[in-house]
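Overview (structure and organization)
Residues per chain are reported as follows:
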Amino acid sequence: MKTLGNIIWFIFGGLPMGLSWLFIGALWCITIIGIPIGKQCFKLASIAFFPFKKEVELGGGAPSLLLNILWIVFGGFMLAIEAFLLGILFCITIIGIPFGKQCFKLAKLSLMPFGAEIVHT
């Protein structure tokens, strides 16, 4: 089920969301200061492309909190809105509810990516 879910996800929602993460990561990498943030975006694009059987554990300390605040202001809010709206569209149908849940997981991750760890289940 994991493979089938990831394939369907990639076709109907993962491709635009993953490309959004890659685009924002590339914008951050233009500046020298933003390279660590861009690298984080590239890492999180993998979960945007194929989210099934992957969980996100939030953590981190004060540095993660400061980076998350900067992230929300300069890029995370738009990615969270994109994931949230796509999740609402998926949840309109009963078949799309598992995909909507993945979108809501990505919306939360879009707001707080620093200090988050991706765990394969």
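Before going into details, it helps to say that this report is about the structure given with it.

Quick notes on the rules
- Residues numbered from 1 in each chain as written.
- Predicted model: local features only at pLDDT ≥ 70, side-chain atom pairs only at ≥ 80, totals over all residues.
- Heavy atoms only, no water.
- Helix = DSSP H or I, 4+ residues; strand = E, 2+ residues; numbered from the N terminus.
- Expected span 1.5 Å × (residues − 1).
- Bend = angle between axes of the 7 residues up to and from the residue.
- Buried < 20%, exposed > 50% of the residue type's maximum accessible area, 1.4 Å probe, protein only.
- Contact = heavy atoms within 4.5 Å.
- Phe/Tyr/Trp six-rings, centres within 6.5 Å; stacked < 30°, edge-to-face > 60°.
- Axes fitted to C-alpha atoms, helices over the stretch in contact; angles between N-to-C directions.
- Parallel < 35°, antiparallel > 145°, perpendicular 65-115°, else oblique.
- Nonpolar A, V, L, I, M, F, W, Y, C, P; charged D, E, K, R; others polar.
- Core = buried A, V, L, I, M, F, W, Y, C linked by side-chain atoms within 4.5 Å.

**Some words on helix α3 (residues 62-90)**
Between its first and last C-alpha, α3 extends only 35 Å over 29 residues, short of the 42 Å set by a 1.5 Å rise per residue. Maximum bend of α3: about 70°, positioned at Gly75. Restricting attention to buried positions, one finds in α3 the residues Ser64, Asn68, Trp71, Gly75, Gly76, Leu79, Ala80, Ala83, Leu86, Gly87 and Phe90. On its buried side, α3 packs onto α1 (2-29), α2 (35-49) and α4 (97-111).

**Focus on the packing of aromatic side chains**
Counting across every chain of the model gives ten aromatic pairs. Between Trp9 and Phe90, the ring centres sit 5.8 Å apart and the planes meet at 35°, which makes this aromatic pair tilted. On the criterion of sequence distance, the pair formed by Trp9 in helix α1 and Phe90 in helix α3 is long-range, its members being 81 residues apart. Look at Trp9 and you get buried, because its relative accessible area is 0%. Both rings, one in Phe90 and one in Phe99, keep their centres 5.7 Å apart while their planes meet at 40°; by these two values the pair is tilted.

**As for the packing of α3 against α4**
The N-to-C vectors of α3 and α4 enclose an angle of 170°; their axes lie 7 Å apart at closest approach. Judged by the angle between their axes, α3 and α4 are roughly antiparallel. Split into classes, the residues belonging to the contact of α3 with α4 amount to 17 nonpolar, five polar and no charged.

**Some remarks on the environment of Gly14**
Mapped onto the secondary structure, Gly14 falls in helix α1. On a C-alpha basis, the gap between Gly14 and Ser46 in space is 9.5 Å, while along the polypeptide they are 32 residues apart. When residues no more than four places from it in sequence are discounted, the contact partners of Gly14 are Trp9, Ala48 and Phe49.

**Looking at the nonpolar core**
Among the nonpolar cores identified, the biggest contains 26 residues, and Trp9, Met17, Trp21, Trp71, Leu106 and Leu109 are the most heavily contacted of them. Counting residues per element, the ones that place at least two in this core are α1, α2, α3 and α4. A per-element tally of this core places α2 first, with seven residues. Those residues in contact with Trp9, other than ones at most four positions away along the chain, are Gly14, Met17, Ala48, Phe49, Phe50, Pro51, Phe52, Phe90, Phe99, Gln102, Cys103 and Leu106.

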